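Single-letter residue listing:
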Amino acid sequence: MAPQSQDTRSPELPSVVTLADATVGTVTLSATVDYEVNNVLVLVLEATDGTLTATVSVQIGDVGPFTTTTKELCVEDGLGPGKSVGDISATGVDTYATTDTDFDVGSTDGAVTTASGTTIDKATKDEYTVAIKGTDANGESNILTLTVKVGDCSGKEKMAAALGSLLLSLLAFTILSL
């Protein structure tokens, strides 16, 4: 029996897609996909014998300027008004804004500070959630959810818990070894 010939024609692929392996049909992205340019990629795939064609539409989601939408910062208890909390700046974000009453954000640098008249008090609240809107030069925006934890930011609490767990494990091992 003679080997069957394989169709070597390339399927119709958008310019951002490359046929990586024609034998198994693997395609890869060869360029950045931009939602603002095209929110759907349509791939027309053809079987090796040339008789079957499948059209696959891939929906492209819009990604805002924040590439991650959550961040956590820690502040010491008793932090007073106007004091630095941390930085949430991100490449591609041109302006930052929040309507939060406990924290402010620098509109161009992403520096987060406690708001005027706010002193952080762990006894009142040990964690804050702050919504920060980031906008790029094209007017695209999305929200970063910032969690601000109040407490020992040096890591001593975590270290003490880990050390306590280690000591309990050693004690249990010693007792079981007797």
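Above this text you will find the structure in question.
Residues numbered from 1 in each chain as written. Predicted model: local features only at pLDDT ≥ 70, side-chain atom pairs only at ≥ 80, totals over all residues. Heavy atoms only, no water.

Some points on the overall build of the protein
Per the secondary structure count, the protein includes 1 helix and 11 strands. Each helix (α) and strand (β) of the protein, taken in turn from the N terminus, gives the series β-β-β-β-β-β-β-β-β-β-β-α. For the protein, contacts bridging at least 24 residues in sequence account for 52% of all contacts bridging at least 6. Split by element, the accessible area of the protein, about 11,900 Å² in all, is 55% carbon and sulfur. (Helix = DSSP H or I, 4+ residues; strand = E, 2+ residues; numbered from the N terminus. Contact = heavy atoms within 4.5 Å. Areas by Shrake-Rupley, 256 points an atom, 1.4 Å probe, with all protein chains shown as cover.)

What to know about the packing of aromatic side chains
Going through the model one piece at a time under the given rule, you end up with 2 aromatic pairs. With a centroid separation of 6.1 Å and an interplanar angle of 50°, the aromatic rings of F66 and Y96 are classed as tilted. Separated by 30 residues along the polypeptide, F66 in the loop between β4 (53-59) and β5 (70-75) and Y96 in strand β7 (residues 95-97) bring together distant segments of the chain. Accessibility expressed as a relative area gives 3% for F66, which makes it buried. Residues F103 and Y128 carry aromatic rings whose centres are separated by 5.2 Å and whose planes lie at 85° to one another, so their mutual orientation is edge-to-face. In this pair, F103 sits in strand β8 (residues 103-105) while Y128 sits in strand β10 (residues 127-135), placing the two residues 25 residues apart along the sequence. (Phe/Tyr/Trp six-rings, centres within 6.5 Å; stacked < 30°, edge-to-face > 60°. Buried < 20%, exposed > 50% of the residue type's maximum accessible area, 1.4 Å probe, protein only.)

A closer look at the sheet that holds β8
The strand order across the open sheet built from 3 strands is β6-β9-β8, with neighbouring strands paired in antiparallel fashion. At either margin of the open sheet sits one strand with a lone partner, and together these are β6 (84-87) and β8. When strand polarity is set aside, the average angle formed by the axes of neighbouring strands in this sheet is 20°. Bridge count for β6 against strand β9 (residues 111-114) is 3 bridges, and the pairing is antiparallel. (Pairing = 2+ DSSP bridges. Axes fitted to C-alpha atoms, helices over the stretch in contact; angles between N-to-C directions.)

A look at the environment of G134
Structurally, the position occupied by G134 is in strand β10. G134 sits 46 residues away from I88 along the chain, and the two C-alpha atoms are 9.9 Å apart. In this structure G134 touches P65, F66, V93, T95, E140, S141 and N142, once residues within four positions along its chain are discounted.

Let's talk about the pattern of salt bridges
Across all of its chains, the model carries 2 salt bridges by this definition. Of the charged contacts in the structure, one is a salt bridge between K149 and E72, with a shortest N-O distance of 3.9 Å. Of the two residues, K149 is situated in strand β11 (residues 141-150) and E72 in strand β5; the sequence distance between them amounts to 77 residues. Its relative accessible area of 33% is what places K149 among the partly exposed residues. In this structure, E127 and K149 form a salt bridge, with 3.6 Å as the shortest nitrogen-oxygen distance. Here K149 lies in strand β11 and E127 lies in strand β10, a separation of 22 residues in the sequence. Exposure remark for E127: the relative accessible area of 36% places this residue in the partly exposed category. (Salt bridge = Lys/Arg side-chain N within 4 Å of Asp/Glu carboxyl O.)

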